[in-house]
Amino acid sequence: MQHLKAPRNLRGSTSVKKPDRKLRLIDRLRLRFSTSRMVDGLLIDVWNNDSQSLNRIEEALRLIKHRDALHYSRVVSNLDRIWVLLLPDAAAHYDRSQNACVMDERFVLLESTTLERIASTIVHEATHARLERWGMLYDEKKRPRIEAICLRRELNFLAGLPDSEPLQEEIKSTLEWCAGDHDFFSDENFQQREEQGQFETLRYLGTPNWLINFLMRLVQRRRERWLRATSAGK
């Protein structure tokens, strides 16, 4: 998924978008052809009509509700929807244009992805939504701090779940890593991960290699032109 290797997949990697609520045309089309289910006022959408994804999300929400009423109330009050589709750059992220926890279909359906992991992911992204309501936008310099807050919310939730120690240790490791001095959260690296993830998504969809290679060359040329223009402007 990413060029820079984090100790775990940072599921809270938020889309870098302007803070408005206008849906892009592609998102409106996706939602129109998605299958939806309402759970306690929270919409669950899956773009490919996959009942297994719907069921797994609903089961994860049920887990949060039965284990931690406070976290569940924050999820349903801070998010409008949970949407499962194909994400190029993360297992999940918060999308402010839809006020949604958006999750990658491959992550949700992966056999090793437990319900506890899906549930903690939802808690993580709901925390992003809550922070944005308080005016803490996902600006480049604030990202490590914001991710740390969301990771701690995950830990708080998981502390009440039995047999969740391995996942807790994974999150603690990522929390320590977030405090380090690196540029994983820079705009440039976000863009690189998204570009690489788009090619991986095309492969997942069965796109011919010749077309992927052609698109990769186009992207590389565009990046080279941008770098030359940036250097000339200095």
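Residues numbered from 1 in each chain as written. Predicted model: local features only at pLDDT ≥ 70, side-chain atom pairs only at ≥ 80, totals over all residues. Heavy atoms only, no water.

Undergrad: Could you give me a rundown of the sheet that holds strand β1 (residues 35-39), with the residues and numbers involved?
TA: Taken in spatial order, the five strands of this open sheet run β1-β2-β3-β5-β4, and their pairing is mixed. The open sheet has two edge strands, β1 and β4 (92-95), and neither has a second partner. Here the strands of the sheet are splayed against their neighbours by 20° on average, with no regard to which way each runs. By the bridge criterion, five bridges tie strand β3 (residues 81-85) to strand β5 (residues 100-104) in an arrangement that is parallel. From the neighbouring strand, Val84 faces β5, where its bridge partner is Met103. Across the sheet, helix α2 (residues 51-67) is in contact with β1, β2 (42-46), β3 and β5; its angle to β2 comes to roughly 150°. In this fold helix α5 (residues 115-133) packs onto β3, β4 and β5, with an angle of close to 25° to the strand it touches most, β4. (Pairing = 2+ DSSP bridges. Helix = DSSP H or I, 4+ residues; strand = E, 2+ residues; numbered from the N terminus. Axes fitted to C-alpha atoms, helices over the stretch in contact; angles between N-to-C directions. Contact = heavy atoms within 4.5 Å.)

Undergrad: So what about the pairing of β3? Which residues, and what values?
TA: Judged by how many residues are buried, β3 sits mostly within the fold: five of five residues are covered. The side-chain alternation of β3 yields two buried faces, one formed by Arg81, Trp83 and Leu85 and the other by Ile82 and Val84. Across four bridges, β2 lies against β3 in parallel orientation. The residue of β3 that forms the bridge with Val46 is Val84. (Buried < 20%, exposed > 50% of the residue type's maximum accessible area, 1.4 Å probe, protein only.)

Undergrad: Can you explain helix α6 (residues 143-158)? Please cite residues and give values.
TA: Over its 16 residues, α6 extends 22 Å from the first C-alpha to the last, a length consistent with the 22 Å expected when each residue adds 1.5 Å. The set of residues buried in α6 consists of Arg143, Ile146, Glu147, Ala148, Cys150, Leu151, Glu154, Leu155, Phe157 and Leu158. (Expected span 1.5 Å × (residues − 1).)

Undergrad: Which residues make up the nonpolar core, and what values do they have?
TA: Among the nonpolar cores identified, the biggest contains 46 residues, and Ile57, Leu61, Leu79, Ile82, Met103 and Ile122 are the most heavily contacted of them. Counting residues in each nonpolar core, the second largest holds five residues, with Trp83, Leu85, Leu87 and Val102 among its members. (Core = buried A, V, L, I, M, F, W, Y, C linked by side-chain atoms within 4.5 Å.)

Undergrad: An account of a nonpolar patch on the surface is needed here, citing residue identities and associated values.
TA: A cluster of nonpolar side chains, namely Trp47, Tyr204 and Leu205, defines an oily patch on the protein surface of about 300 Å² accessible area. One can find Trp47 in the loop between β2 and α2. Under the relative-accessibility criterion, Trp47 is labelled partly exposed at 32%. (Patch = residues over 30% accessible without salt bridge, like charges linked within 9 Å, V, L, I, M, F, W, Y side chains within 5 Å. Areas by Shrake-Rupley, 256 points an atom, 1.4 Å probe, with all protein chains shown as cover. Salt bridge = Lys/Arg side-chain N within 4 Å of Asp/Glu carboxyl O.)

Undergrad: Describe the side chain of Asn99, with residues and values.
TA: By secondary structure assignment, the location of Asn99 is in the loop between β4 and β5. One polar contact links Asn99 to Tyr94, side chain to side chain, over a distance of 2.7 Å. (Polar contact = N/O pair within 3.5 Å; in protein donor to acceptor, adjacent residues only side chain to side chain.)

Undergrad: Before we move on, can you summarise the pattern of salt bridges with the specific residues and values?
TA: Under the defined criterion, the tally for this structure stands at ten salt bridges. With a closest N to O distance of 2.7 Å, Arg96 and Glu132 form a salt bridge. Taken as a pair, Arg96 in the loop between β4 and β5 and Glu132 in helix α5 lie far apart in primary sequence, 36 residues in all. On the basis of relative accessible area, Arg96 is assigned to the buried category, the value being 7%. The salt bridge involving Glu170 is made with Arg117; its shortest N-O contact spans 2.8 Å. Taken together, the positions of Glu170 in helix α7 (residues 165-178) and Arg117 in helix α5 put the pair 53 residues apart, joining distant regions of the chain.

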